[in-house]
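Summary of structural features
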Amino acid sequence: MRIILINPKVAGLRDIGGLRAEAEPMGLCFIAACLERAGHEARVVHVVDGSDHTLERAFATFEPDLVGISSYTHNFSESLRVAGLAKAHCGDVPVMLGGPHVSALPEQALVDERADFGVVGEGEETVLELVRSLERGEGQDGIAGLVHRAAGDVIYNGPRARIQDLGALPIPSRCDLPMDRYRQAAPVWIPPSQQRCASVNTARGCRFGCTFCATPTTWGKVIGRPTDHVLLELEHLVEDYGINYVWFSDEDFFYDPSRVFEILEGAHERGLGLIFRSFISVRDVIHCGMRMMKDLHDLGLRGVLMGIESTSDDVLRRVRKPHRGKDLAQALHFLDEAGIHVRGSYMIGYPWETEDELIPNLECLLGLPAVEDLYITYVTPFPGTVFWEECKKENLLLAEDYDLWDTGGTVLRTPIPASRLAEIRHDYLARFYSDQRVVQRMTERIRRFPCLAASYREVFPKQFAQQTRETLVHVH
Ligand code: B12
Ligand code: SF4
């Protein structure tokens, strides 16, 4: 069978601070590799520009028998639109939707006739069984993890057990992707213009249960790929794609620090010459300690993305974040000493946070060490999360239009009006990047690691005030 797997992009997605750096849709790459291993032809289409041209060309040249579309909450309506496009171009081809939104709201996947199947949770095994049933002209009643139609009803067959041995999966297939396009906008040794970046997924799930996060909804407990399996993929990325920079895109990369060490050490021993960036939680930095962070830096870990989310203990407790304010200061100190670049992600728009509380909470951030780079989003109650249930119960949802759920604006009734929140966010970010303490941090890092100057100059020119740029140029 010929299967196209699409990662759609909403044209005009709100840009809320540099995370727009594209990355390979790894879920689809895993599914494509499984389909290919089973003897099917699969093509992954990553719509990076938000136009229909790429899709229309793929439909015309590949002539699929089945189309799959990845659906986040904010692009659910776009996924349905792409489903309609596929049907229009490929003679009513069957369409399946999968991804975080469908995993949270299984039956919703088929509210619209443009979608024929929904895949809940992990897609690899369900898709293989679905394809087999379509080839044989059989029904789909027994396929766990699948939503389908039967006699006019939408039927969810119930969840599928998680794959326990991720090492049994093939190495994800990236051969259809624009690999020269992927960049990480963080000043981590290699300037974006010289990056050959790949995103590698080493584990699925997370140990924690933050109320706002969609990861527990789709995945639950963390299951890792065996180290050798990850190293095989890293070797392949270097040899076949000339990759020099890897982003570990799993959110609980550090669930077992000894595994992290093995992966980085293994890459080092193989002489792959890679540098790395990953997610890390505040708790994990403290658990690993400064010595280990330094060792990981020396093995190539040059940047981390850390979920700070708030500096207020009250907020952190309410959203069940596993760290507290005092841990944050210590973790940042360790990372600072280790020379690891920190991008902090922070959320505003909590339904209980007043302006009198938010402003000092943001102010607190400026006094902390190490954060040089900040990503501020609006807390968003993704379907299926505890926070979503809480917001529904308290009648806090303003918008049911999922297009707005891209974390680039509030969809909640908040004590601070939406326009004022946007103003606070805008003003704070402008102040953050020109604050002398932040500039000083960058200057210090470039002094310690002069080769970083080129990277900083490329990543920050627009955000920096003239004064900042002059300082950096001067130091260099
Ligand atoms: C890497 C990542 C990104 C990357 C790129 C992702 C990409 N190209 O797909 C970047 C950094 C660009 C990104 C951006 C955003 N992201 Co993001 N991202 C992730 C992250 C951390 C990992 C994704 C991943 O690789 N997972 C591993 C693979 C194996 O799993 P998977 O993709 O889910 O796929 C499996 C199943 O879901 C299913 N499946 C998925 N698609 C399909 C399709 C079909 C047809 C089938 C059958 C099955 C199927 O099968 C796959 C294999 O088992 C997830 C969190 C997470 N743990 O998943 C958040 C996550 C997906 N992101 C999220 C969000 C909100 C965003 C942003 C809106 C954030 C922002 N404001 O900037 C943007 C939107 C970007 C866009 N272009 O639309 C949310 C989505 C929540 C929701 N309900 O929609 C998540 C879940 C984070 C969270 N914890 O809340 N993201
Ligand atoms: S926010 Fe991060 S730490 Fe919390 S559950 Fe989600 S992935 Fe895990």
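Residues numbered from 1 in each chain as written. Chains lettered and ligands numbered in written order. Predicted model: local features only at pLDDT ≥ 70, side-chain atom pairs only at ≥ 80, totals over all residues.

Another point: the packing of helix α9 (residues 282–298) against helix α11 (residues 325–338). Packing of α9 against α11 brings their axes to within 8 Å, and their N-to-C directions diverge by 10°. Here α9 is positioned roughly parallel relative to α11, judged by the angle of their axes. Residue-level contacts link Val282, Arg283, Val285, Ile286, Gly289, Met290, Met293, Lys294 and His297 of α9 to Asp327, Leu328, Gln330, Ala331, Phe334, Leu335, Glu337 and Ala338 of α11. Among the residues making up the contact of α9 with α11, the classes are represented as 10 nonpolar, 3 polar and 4 charged. (Axes fitted to C-alpha atoms, helices over the stretch in contact; angles between N-to-C directions. Helix = DSSP H or I, 4+ residues; strand = E, 2+ residues; numbered from the N terminus. Parallel < 35°, antiparallel > 145°, perpendicular 65-115°, else oblique. Contact = placed C-beta atoms within 7 Å. Nonpolar A, V, L, I, M, F, W, Y, C, P; charged D, E, K, R; others polar.)

A few words now on the site of ligand 2. Close contacts around ligand 2 come from Cys206, Phe208, Gly209, Cys210, Cys213, Thr215, Pro216, Glu251, Asp252, Ser281 and Gly307, and that covers them all. For the shell around ligand 2, the residue count by class is 5 nonpolar, 4 polar and 2 charged. (Near = placed C-beta within 6 Å.)

Attention now goes to unusual backbone geometry. One non-glycine residue, aspartate 92, adopts positive backbone phi at about 55°. Examined against the element boundaries, aspartate 92 turns out to sit in the loop between α3 (76–89) and β4 (95–98). In this structure, asparagine 395 takes a positive phi of about 55° despite not being glycine.

When cut into domains, the protein chain gives domain 1 (2–156) and domain 2 (184–475). The gap between the C-alpha centroids of domain 1 and domain 2 is 29 Å. Contacts between the two partners involve 20 residues from domain 1 and, on the opposite side, 23 residues from domain 2. Put simply, the parts of the chain that give the side of domain 1 that touches domain 2 at least two residues each are α3 and α4 (100–104). Looking at the side of domain 1 that touches domain 2 element by element, the count peaks at 4 residues for α4. Partitioned by chemical class, the residues of the side of domain 1 that touches domain 2 number 10 nonpolar, 8 polar and 2 charged. (Domains from an automatic or database assignment.)

Grouped together as the largest cluster of nonpolar side chains are 79 residues, with contacts concentrated most on Leu234, Val246, Val285, Met293, Leu335 and Val342. Among the elements that make up this core, the one with the highest residue count is α11 (6 residues). Setting aside chain neighbours within four positions, we find valine 285 in contact with Ile280, Met293, Ala331, Phe334 and Leu335. If you look at the next biggest cluster of nonpolar residues, it comprises 49 residues, including Ala32, Leu35, Leu66 and Val147. (Core = buried A, V, L, I, M, F, W, Y, C linked by C-beta atoms within 7 Å. Buried ≥ 20, exposed ≤ 12 C-beta atoms within 10 Å, placed from the backbone.)

The subject of this paragraph is the pairing of strand β1 (residues 2–7). The element β1 is extensively covered by neighbouring structure, given that 5 of its 6 residues are classed as buried. Relative to strand β2 (residues 41–46), β1 is paired through 6 bridges, and the arrangement is parallel. Looking at the pairing, isoleucine 6 lines up with valine 45 of β2. Bridge analysis of β1 against strand β3 (residues 66–70) gives 4 bridges, and the strand direction is parallel. Note that in β3 the partner of isoleucine 3 across the bridge is leucine 66. (Pairing = 2+ DSSP bridges.)

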